[in-house]
Amino acid sequence: MKRRYVQTVCVLLSFIMFLFMVEPVSATTISDLQNELKKDQSQLKNVNQQISDYKGAQADVGEEIEALDEEMVSLLTDINLIEEAIADKEEDIAQTQIEYDAAVAEKDEQYESMKIRIRFMYEKGETSYLQLFFGAKNMGDMMNKAHYVEELYEYDRTLLEEYEATVQEVAALQDTLEEEKSELETSKTELKEEQAYVEEVLAQKQQEYENYNVVLAKAKQEAATYTAKIKQETAKIKQLEEEERKRKEEEERKKKEQEALLASQNDGDSDSEEQGKEETSSSSSSSSSGSSSGGSGKGQQIADYACKFIGNPYVAGGTSLTNGADCSGFVMSVYQAFGYSLPRSSYAQSAVGKGVSYSEAQPGDIIYYGGHVGIYIGNGQIVHASTERTGIKITSATYRSIITIRRIV
């Protein structure tokens, strides 16, 4: 708990530091700003790739943790089963102990009987057996007594064999008892060791997963920093472009006023007036030509083709230029019409072709805004599948912070 608290504090402090690291935009020209923007877009793309890699690695660790959790469940199940088996075996051992005690009692009883018989034989000696033969009345009596002596020896031998068998049975029972106890104790020990090992590995993986949370938080802070800079730079570029547009409008207005003044001063000279109109027309044509962006023939064709579908619907997950498409589906389908195969998602499309700066943008280039893409058509505008409400439409290229611009043709 204490470690997680320290990690949380470190993440918050790092976030605050990153916020203060977002310096105000210092560049003053559109060209400098565009260079800074291109550099920050590249850095942001790298950080986003790191975030993607970290998430993938964390997901792998998460799968390992799930597998370890399943292993732990199986292991605990096995432990419960072996504990139940131990309980059953202890009952068997208790029963075996009863049988063992009975066997010992039988052994003691047989031993006592044998001691009596041995003591009798030693006390009487072999003379008692000879007296049996000499005291016989006849041969038949002698044979009967000899048979009696033989049965007596047979009884003693049988009694001894039974004693030995009982001793062996008791020893076997004792060995079985010790073996069963040893097996149960070994099984239980092995399961506990396995449980401890899995718990240790699980703890390591959980810590590794938490570490990824820390690096992910840091990477996301870096991404937020670059995103903030890109937003500032894009806004500054938009501001400077607007100022440039107003300056040109003012120059055009003053030029027209001068032309009107000149025309009024030369009211009687029709030729001069006609020449002034031609100059005005030529100037207007030149101004109009300068406002459009040049580009490759194929890129212009792609841009013109894309504009044919303005007004068609936006459909989430769609790729139809007529029946509806989302932003990446629209871009993919437009390029597909010209024989180019693009990936489906907007993020994947942000890595195709080569990157160019906004100042280098040409019709047909793909502009990626972070989760959204459009096709640049020149004059600072894009055509894109915007929303379900507006469908496919034309929008200012700087209406959002530009992450990267990709050129395919």
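Refer to the structure presented above.
Residues numbered from 1 in each chain as written. Predicted model: local features only at pLDDT ≥ 70, side-chain atom pairs only at ≥ 80, totals over all residues. Heavy atoms only, no water.

**Q** Explain the pairing of strand 7 (residues 391-396) to me, using residue names and the numbers behind them.
**A** Where a strand is regular, its side chains alternate between the two sheet faces. Relative to strand 7, strand 6 (residues 381-387) runs antiparallel, the two sharing 6 bridges. Residue Gln381 lies in a different strand from strand 7, and its bridge partner there is Ser396. (Pairing = 2+ DSSP bridges. Helix = DSSP H or I, 4+ residues; strand = E, 2+ residues; numbered from the N terminus.)

**Q** Explain the pattern of salt bridges to me, using residue names and the numbers behind them.
**A** Across all of its chains, the model carries 12 salt bridges by this definition. A salt bridge links Glu36 to Lys39; its shortest N-O distance comes to 3.6 Å. A residue pair is termed a helical-turn pair when its members lie 3 or 4 positions apart in one helix, as Glu36 and Lys39 do in helix 2 (residues 30-124) at 3 residues. For Glu36, a relative accessible area of 30% gives the class partly exposed. A salt bridge links Arg245 to Glu242; the nearest nitrogen and oxygen atoms lie 2.2 Å apart. Of this pair, Arg245 and Glu242 both sit in helix 4 (residues 139-265), 3 residues apart, which is roughly one turn of the helix. (Salt bridge = Lys/Arg side-chain N within 4 Å of Asp/Glu carboxyl O. Buried < 20%, exposed > 50% of the residue type's maximum accessible area, 1.4 Å probe, protein only.)

**Q** Give a description of unusual backbone geometry that names residues and reports values.
**A** You will see that Asn379, though not glycine, has its phi angle at about 55°, which is positive. With respect to the secondary-structure elements, Asn379 resides in the loop between strand 5 (373-378) and strand 6.

**Q** Hey, could you go over the sheet that holds strand 7 for me, with residue numbers and the actual values?
**A** Strand order in the open sheet formed by 6 strands is 3-8-4-5-6-7, with antiparallel pairing between adjacent strands. At either end of the open sheet lies a strand with only one pairing partner, and these are strand 3 (354-356) and strand 7. Geometrically, the sheet is characterised by an average inter-axis angle of 40° between neighbouring strands, direction not taken into account. Of the pairings in the sheet, the one linking strand 5 to strand 6 comprises 3 bridges and is antiparallel in character. Residue pairing in the sheet places Tyr376 in a bridge with Ile382 of strand 6. Lying over the sheet, helix 6 (residues 297-307) contacts strand 5 and strand 6, oriented at roughly 115° with respect to strand 5. (Axes fitted to C-alpha atoms, helices over the stretch in contact; angles between N-to-C directions. Contact = heavy atoms within 4.5 Å.)

**Q** Give a description of a negative patch on the surface that names residues and reports values.
**A** Taken together, the side chains of Glu83, Glu84, Asp88, Glu90, Glu91 and Asp92 define an acidic patch exposed on the protein surface. Topologically, Glu83 is positioned in helix 2. (Patch = residues over 30% accessible without salt bridge, like charges linked within 9 Å, V, L, I, M, F, W, Y side chains within 5 Å. Areas by Shrake-Rupley, 256 points an atom, 1.4 Å probe, with all protein chains shown as cover. Lys, Arg positive; Asp, Glu negative; His and termini not counted. Charge placed at Lys NZ, Arg CZ, Asp CG, Glu CD.)

**Q** Can you lay out helix 6 for me, pointing to particular residues and giving the numbers?
**A** Among the residues making up helix 6, those that are buried are Gly299, Ile302, Ala303 and Ala306. Within helix 6, the buried residues cover an arc of 95° as seen down the axis, which keeps them to one side. (Arc of directions from axis to C-beta.)

**Q** Kindly report on the nonpolar core, identifying the contributing residues and their values.
**A** Among the nonpolar cores identified, the biggest contains 44 residues, and Phe330, Val331, Ile367 and Ile375 are the most heavily contacted of them. When residues of this core are traced back to their parent elements, those giving at least two are helix 2, helix 4, helix 6, helix 7 (327-336), strand 4 (366-368), strand 5 and strand 6. Leave out the neighbours within four places in its chain, and Val331 touches Leu342, Gln349, Ile366, Val373, Gly374 and Ile375. Counting residues in each nonpolar core, the second largest holds 8 residues, with Val61, Leu68, Val201 and Leu202 among its members. (Core = buried A, V, L, I, M, F, W, Y, C linked by side-chain atoms within 4.5 Å.)

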